[in-house]
Amino acid sequence: MICESYFKFFETVSARIRWEILSLLERKPMSVTEICDALKEEQSKVSHNLRNLTECHFLDVKQEGKKRIYSLNKETIVPLMKLVEKHVEKYCKDFCKVRKK
């Protein structure tokens, strides 16, 4: 049975900036400001995409004072990212190009 949740899942990871955020957070948890600086994107754009990623629980959020610290969901997303990387390395590496800003 296919429900809308599957479409929501793939829609969430299909946006390039969301995948860039996920890849960035593989290294370490970060605040919105740190993510904006690393990606050279506006805070409103990053915040909007963080909201999408948290809706489907791709990310965990922890409040530290006035900052919200985002990290990958260790239970499901970390293993999924590793599986995707393995698949891409094996079957899609001809399409791999480093995106320059």
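Note that the coordinates shown come from a computational prediction; the quantities given were computed from them, not determined experimentally.

> Please clarify how the environment of glutamate 20 should be interpreted in this entry.
Topologically, glutamate 20 is positioned in helix 2 (residues 16-27). A relative accessible area of 17% means that glutamate 20 is categorised as buried. It is 7.9 Å that separates the C-alpha atoms of glutamate 20 and leucine 39, two residues lying 19 residues apart in sequence.

> Please explain the packing of helix 1 (residues 4-14) against helix 2 as it appears in this structure.
Pairs of packed helices are described in terms of their axes, by the angle between the two and the distance that separates them. At their nearest, the axes of helix 1 and helix 2 sit 5 Å apart, and the two run at 80° to each other. The angle between helix 1 and helix 2 places the two elements in the roughly perpendicular class. Where helix 1 abuts helix 2, its residues Glu11, Thr12, Val13 and Ser14 lie against Arg16, Arg18, Trp19 and Leu22. Counted by class, the contact of helix 1 with helix 2 contains 3 nonpolar, 2 polar and 3 charged residues.

> For this particular structure, what's the right way to read the pattern of salt bridges?
Pairing between side chains of opposite charge can happen when the charged atoms of each approach one another. All chains considered together, the criterion is met by 3 salt bridges. A salt bridge links lysine 8 to glutamate 55, with the shortest nitrogen-to-oxygen separation between them at 3.1 Å. One end of the pair, lysine 8, is in helix 1; the other, glutamate 55, is in helix 4 (residues 43-55), with 47 residues separating them in the sequence. Residue classification places lysine 8 among the partly exposed residues on the basis of a relative accessible area of 25%. Across the pair lysine 45 and glutamate 41 runs a salt bridge, and its minimum N-O distance is 3.4 Å.

> When you look at the packing of aromatic side chains in this model, what are you seeing that I'm missing?
Per the stated rule, a full pass over the model turns up 2 aromatic pairs. One aromatic cluster in this structure is built from Phe9, Phe10 and Phe58.

> It is not clear to me how the pairing of strand 2 (residues 59-64) should be interpreted in this structure. Could you clarify?
On a regular strand, one side chain projects to one face of the sheet and the next to the other, so that they alternate. Note that strand 2 and strand 3 (residues 67-72) share 6 bridges and pair antiparallel. Counted as the bridge partner of glutamate 64 is lysine 67 from strand 3. In this structure, the hairpin formed by strand 2 and strand 3 is closed by a connection of 2 residues, where glycine 65 is found at a positive phi of approximately 65°.

> When you look at a nonpolar patch on the surface in this model, what are you seeing that I'm missing?
The grouping of Ile2, Tyr6 and Phe7 at the surface amounts to a nonpolar patch, some 370 Å² of accessible area in total. With respect to the element layout, phenylalanine 7 can be found in helix 1.

Quick notes on the rules
- Residues numbered from 1 in each chain as written.
- Predicted model: local features only at pLDDT ≥ 70, side-chain atom pairs only at ≥ 80, totals over all residues.
- Heavy atoms only, no water.
- Helix = DSSP H or I, 4+ residues; strand = E, 2+ residues; numbered from the N terminus.
- Buried < 20%, exposed > 50% of the residue type's maximum accessible area, 1.4 Å probe, protein only.
- Axes fitted to C-alpha atoms, helices over the stretch in contact; angles between N-to-C directions.
- Parallel < 35°, antiparallel > 145°, perpendicular 65-115°, else oblique.
- Contact = heavy atoms within 4.5 Å.
- Nonpolar A, V, L, I, M, F, W, Y, C, P; charged D, E, K, R; others polar.
- Salt bridge = Lys/Arg side-chain N within 4 Å of Asp/Glu carboxyl O.
- Phe/Tyr/Trp six-rings, centres within 6.5 Å; stacked < 30°, edge-to-face > 60°.
- Pairing = 2+ DSSP bridges.
- Patch = residues over 30% accessible without salt bridge, like charges linked within 9 Å, V, L, I, M, F, W, Y side chains within 5 Å.
- Areas by Shrake-Rupley, 256 points an atom, 1.4 Å probe, with all protein chains shown as cover.

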